[in-house]
Amino acid sequence: MTSKEKKGWALLIGISLIARLAGLGTRAMSHDESLHALYSFYWSQGLNYQHDPMMHGPLLFHLNGLLFMLFPVTDFTARLLPALMGTGCVAMMLAYRRWLGHWGAFCAAVLISIDPGHLFYSRYIRNDIYISLFTLVMVWAVFRFRETKRTSYLLWLCTGLGLSFACKEVCFIHGVMLGAGCGLFSIVDTFHDPQRSFSSWLRHPLMQCAVAIFLLALPFITGLLIQGGTWSPPSAISVELQRKSFRIGINLIAITLVLGATYFMWCKAWGAWILSMVIFWGIQLTLYTTFFTQFRTGFASGIAGSLGYWWAQHDVQRGSSDPAFYLTLLLLYSPVLLIGLGISVKRIKEFPVAFLLFWAVLHLAIYSWAGERMPWLLIHITLPLCIITGIILPEIFSKAGWKPRLVQGILAIGLLQLTMNSLRLAGPHAEGPWEPLVYAHSGKDVKMTMRMVQHHLNQNPLARIQVDPAYSWPTAWYFRETPTGYESITTPDSVSTDSTAIFVSPGKREEFQAAGWTSRVEIDLTTWPRQRYHRFTRKNLTNLFTNPTIQKKLLRYYLTRDQPQWREGEYPGPNRLLLMTREL
């Protein structure tokens, strides 16, 4: 790498880091963010953390808890690790230069840096940006093991897999993609080998990766083998369920250990397999059991409950019920990536383009099929698309002629739109219901309201605030060290005598004012986007091609997210609260 290349990469990574750190603590915590941050804070304060599959894996809580032990507890520090993970995704493209080429890797890194989903969820305390980084590590390890057959890369693969399984349950989707991809391309490689044989296929490095992924993941089917298990909250996991989970899980781990040892001994990589088992299960057991302080419950909720709970959620259809949800988000935010996907098909016979295409298409299919369709999951689809598009950009922009110029112009417009969407999402639209790439977000006046409450309580040091449970999140995060009661508020008489501030439904304003309370401010605590605005339905498609008024509205929405204000009773409407105070 030349000095100019090093400076270019340093500049790109530095800009990516600044873009993720600038104003990181400005936006109010969303509903889910406040859950993740608060339970990390509890663990940092010595309160026992217990894994609950509803809130995903334990890795985020342990890492953020450690961060809270070292630095002041703020919105900024709560989101610091995701920002670093997101920057790490950009920097990982350096490791892909040998396959993508210098300019291909650099363009892929730029696209990951400015991708709306990756930029926004690098500034958001969720597990998904962790998964993006771990997936890049695993794919890199697979590619390197295919090239070199050095078992150290098999250990990197198993480490990335172990961290993913301790992070979020989408690891099962990524495990399927990676395992199936390794199996498929081991067949392709063997077919093109003049010395091919069945034995050489079974010993192929990609087949070794596929076997390792399958055997390490297999014990997690424990939750599917137990009928009627209740996995959340942890207190609902009965002693009998813990025993069943432990018995089945331990037996499956022992079986996979023996099967793996037999296979890898034949491949002359027995030592690497044993070390892989130690690394993978060391991560799982340490984190799921909270450093072995609650072994049976942690084992049951992690090894059995992770897949058991989320498999049961498939029929719940949380989020959008539209199977084209991710396709519409891609068309709305990053159509240039779909163009890149289409252009790259002509290079399907090349490695790693073929593998990346397999990754992108399979992820789009599985995530579109899965019952829970949430906007933050889009980054698992755009990640391979960014790499694919990055590969073809240098080739396209180096060509001359009117046809290449036309394609270059279309791509340039697409890249500009991608950048503008990222800037708008990270800036003026970071709060509120305007962007469909966000979900259950706090309104823009939340932090101001929390400061008003703190000021009021500072003037009344013996008082507390009472919060109706409908407004618990993100309130609990901001009042983590403030005297707070979370009791239902139905009438003025239901408020405790030492409460001088309350969060209550705006519909109770007149009743409480008559009882001596003063109305301070009414805000949107949590907001949701209008998902009906971007659904593939017959009515929407008909209007798109036949109704000029709809066409104009759609164009304004597409370019600026301009849309009417919420009507009274419209679903999903904002969760509105009223702050009221009184003097003791």
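A short tour of the structure in this document, coming up. (Residues numbered from 1 in each chain as written. Predicted model: local features only at pLDDT ≥ 70, side-chain atom pairs only at ≥ 80, totals over all residues. Heavy atoms only, no water.)

## Examining the sheet that holds strand β6 (residues 575-581)
By way of backbone hydrogen bonds, the strands of a sheet pair with one another, either parallel or antiparallel.
Right, on to step 1. Taken together, the six strands give an open sheet; going across it, the order is β1-β5-β6-β4-β2-β3, and neighbouring strands pair in mixed fashion. Two strands close off the open sheet at either side, each with one partner strand: β1 (441-442) and β3 (484-485).
Right, on to step 2. For β1 and strand β5 (residues 518-527), the ladder comprises two bridges, and the chain directions are antiparallel. Counterpart to histidine 441 in the pairing with β5 is threonine 527.
Right, on to step 3. Along the sheet, helix α23 (residues 446-459) makes contact with β1, β2 (464-467), β4 (499-504), β5 and β6, crossing β5 at roughly 140 degrees. (Pairing = 2+ DSSP bridges. Helix = DSSP H or I, 4+ residues; strand = E, 2+ residues; numbered from the N terminus. Contact = heavy atoms within 4.5 Å. Axes fitted to C-alpha atoms, helices over the stretch in contact; angles between N-to-C directions.)

## Re the side chain of asparagine 460
Right, on to step 1. The topology assignment puts asparagine 460 in the loop between α23 and β2.
Right, on to step 2. With relative accessibility at 14%, the residue asparagine 460 sits in the buried group.
Right, on to step 3. A distance of 2.9 Å separates a polar atom in the side chain of asparagine 460 from the backbone oxygen of histidine 456.
Right, on to step 4. Not counting the four nearest positions on each side in its chain, asparagine 460 is found in contact with Thr500 and Glu583. (Buried < 20%, exposed > 50% of the residue type's maximum accessible area, 1.4 Å probe, protein only. Polar contact = N/O pair within 3.5 Å; in protein donor to acceptor, adjacent residues only side chain to side chain.)

## Structural notes on the packing of helix α19 (residues 335-344) against helix α21 (residues 379-397)
Right, on to step 1. At a minimum axis separation of 8 Å, α19 and α21 run at an interaxial angle of 65 degrees. Taken together, the axes of α19 and α21 are roughly perpendicular relative to one another. Seen from above, α19 lies across α21 with left-handed handedness. In contact with Val336, Leu337, Gly340, Leu341, Ile343 and Ser344 of α19, α21 contributes Thr382, Leu385, Cys386, Ile388, Thr389, Ile392 and Ile396. (Parallel < 35°, antiparallel > 145°, perpendicular 65-115°, else oblique. Left-handed = near helix turned anticlockwise from the far one by under 90°.)

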